[in-house]
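Letter by letter, the chains look like this.
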Amino acid sequence: MRFNLLGPFEIRTDDGRTYAPKAPKISQLLALLALRPREAVAVDVLARELWGQSPPGSALRTLQTHVYHARKMLAGERVTEPGRDLLLTEAPGYRLQVDDTEVDALTMEGLVHRAQREFAARAWERAADLVERALELWRGPTLSNVPVGGVLLGRLGWLEELRIRVLELRIDIAGQLGRHKEHLPELRTLVADYPLHEWFHGQLITALYRSGRRIEALQAYQNLHAILQRELGVEPPAHLQRLRADILDRAGSDPALLWDRSGGAPARPERCRLMTSTTTGTGG
């Protein structure tokens, strides 16, 4: 059994069937509980998710009705073996009794942490395998068939950051394995999808340069420059300006050194950032 949130909400039953609850509120309730497994989520938190900051006076009774129908649905669809209680009442609210391996988003998080450890140990191939397994769980926009309130919205932001981290890791690993050319199409897609993510731009510029495509690398830099000027009114960060200078004068220094963690590359928290504010984001 698994609760799948990385895409349309669905439940994979023990016998391999896929079931998507038809009631939006029940899906919303179960999705929130699945992202906080084995934790009693307070009634007021659930009410805020389902009805916003001003729940109706009947919210508690209606929530109890949703829980009743959720339990009936889980049993009727034979989601798991008979006798296993998934949705429990526990002060101050309700708890979904599932393991992390039974929620795709938490399975993905575990794979990412393992991939990071393998990467730190320079076990590139093992890290690459874990990253691919993590990305295979992503089926599209998270909870695309479920209404999302303020509580879930914060969790969706965390999942998007986690996905960006996986994509960064895949590009990182490709660089370590010398697979620059094969990831150029993906990098072009990433800079289009995340136009203010400087690290993706930097990796595209570097990959083009290391693939012998110097003019395209300079064009990629100019594209970033134009985006940052238009959106934020700032220049590209210093390490990308140095990379551009290196490309222009072909000084002989390896551009990859600009991305070596021991040689002054942006720290991991900076690289993991999705720039959505009006900060300068120097990244260097």
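Residues numbered from 1 in each chain as written. Predicted model: local features only at pLDDT ≥ 70, side-chain atom pairs only at ≥ 80, totals over all residues. Heavy atoms only, no water.

Draft legend 1. Broad picture of the sheet that holds strand S1 (residues 2–4). One open sheet holds the three strands; their spatial order is S1-S2-S3, and the pairing between them is antiparallel. The open sheet has two edge strands, S1 and strand S3 (18–19), and neither has a second partner. As judged from the two bridges shared by strand S2 (residues 10–12) and S3, these two strands associate in the antiparallel manner. Of the residues in S3, the one forming a bridge with Ile11 is Tyr19. (Pairing = 2+ DSSP bridges. Helix = DSSP H or I, 4+ residues; strand = E, 2+ residues; numbered from the N terminus.)

Draft legend 2. Structural detail: the nonpolar core. Phe3, Leu5, Phe9, Leu30 and Met108 are the most contacted members of the largest nonpolar core, which totals 86 residues. For Met108, the contacting residues outside a window of four places in its chain are Leu6, Ala134, Leu137, Trp138, Leu162, Arg163 and Val166. (Core = buried A, V, L, I, M, F, W, Y, C linked by side-chain atoms within 4.5 Å. Buried < 20%, exposed > 50% of the residue type's maximum accessible area, 1.4 Å probe, protein only. Contact = heavy atoms within 4.5 Å.)

Draft legend 3. Inspection of the pattern of salt bridges at higher detail. Applying the stated criterion across every chain yields a total of 16 salt bridges. For Arg36, the salt bridge identified is with Glu39, shortest N-O distance 2.7 Å. Classification of Glu39 by relative accessible area gives partly exposed; the value is 33%. For Asp129, the salt bridge is made with Arg133, and the minimal N-O distance between the two is 4.0 Å. One end of the pair, Asp129, and the other, Arg133, are both in helix H5 (residues 124–136), four residues apart, so they sit about a helical turn from each other. What makes Asp129 partly exposed here is its relative accessible area of 42%. One network of salt bridges, with partners in common, ties together Asp15, Arg17 and Glu77. (Salt bridge = Lys/Arg side-chain N within 4 Å of Asp/Glu carboxyl O.)

Draft legend 4. Inspection of the packing of helix H9 (residues 214–231) against helix H10 (residues 238–249) at higher detail. Two elements in contact, H9 and H10, have axes separated by 10 Å at closest approach and are oriented at 150°. Classed by the angle they form, the pair H9 and H10 counts as roughly antiparallel. H9 and H10 meet at a crossing whose hand is left-handed. Contacts between H9 and H10 involve Arg214, Ala217, Leu218, Tyr221, Gln222 and Leu224 from the former and Leu240, Gln241, Arg244, Ile247 and Leu248 from the latter. The class makeup of the residues in the contact of H9 with H10 is seven nonpolar, two polar and two charged. (Axes fitted to C-alpha atoms, helices over the stretch in contact; angles between N-to-C directions. Parallel < 35°, antiparallel > 145°, perpendicular 65-115°, else oblique. Left-handed = near helix turned anticlockwise from the far one by under 90°. Nonpolar A, V, L, I, M, F, W, Y, C, P; charged D, E, K, R; others polar.)

Draft legend 5. A look at the packing of aromatic side chains. All chains considered together, the criterion is met by three aromatic pairs. Relative to Trp124, the ring of Phe119 has its centre 5.1 Å away and its plane inclined at 65°; by these criteria the two rings are edge-to-face. There is no split in this pair, since Phe119 and Trp124 are both buried. For the pair Tyr194 and Phe200, a centre-to-centre distance of 5.9 Å together with 45° between the ring planes defines the contact as tilted. (Phe/Tyr/Trp six-rings, centres within 6.5 Å; stacked < 30°, edge-to-face > 60°.)

Draft legend 6. Looking closely at the layout of surface pockets. Reported here for the second largest pocket is a volume of approximately 230 Å³. If you trace the second largest pocket, you find it lined by Arg71, Leu74, Ala75, Arg78, Thr80, Glu81, Pro82, Gly83, Arg84, Asp85, Leu86 and Leu87. Top element by residues in the lining of the second largest pocket is helix H3 (residues 59–76). It accounts for three residues. Considering only residue class, the lining of the second largest pocket consists of five nonpolar, two polar and five charged. (1 Å grid on protein atoms, 1.4 Å probe; cavity = no way out; pocket = protein on both sides within 12 Å on 5 of 7 lines; lining within 4 Å. Points joined across faces, edges and corners; volume = space filled by probe spheres on them.)

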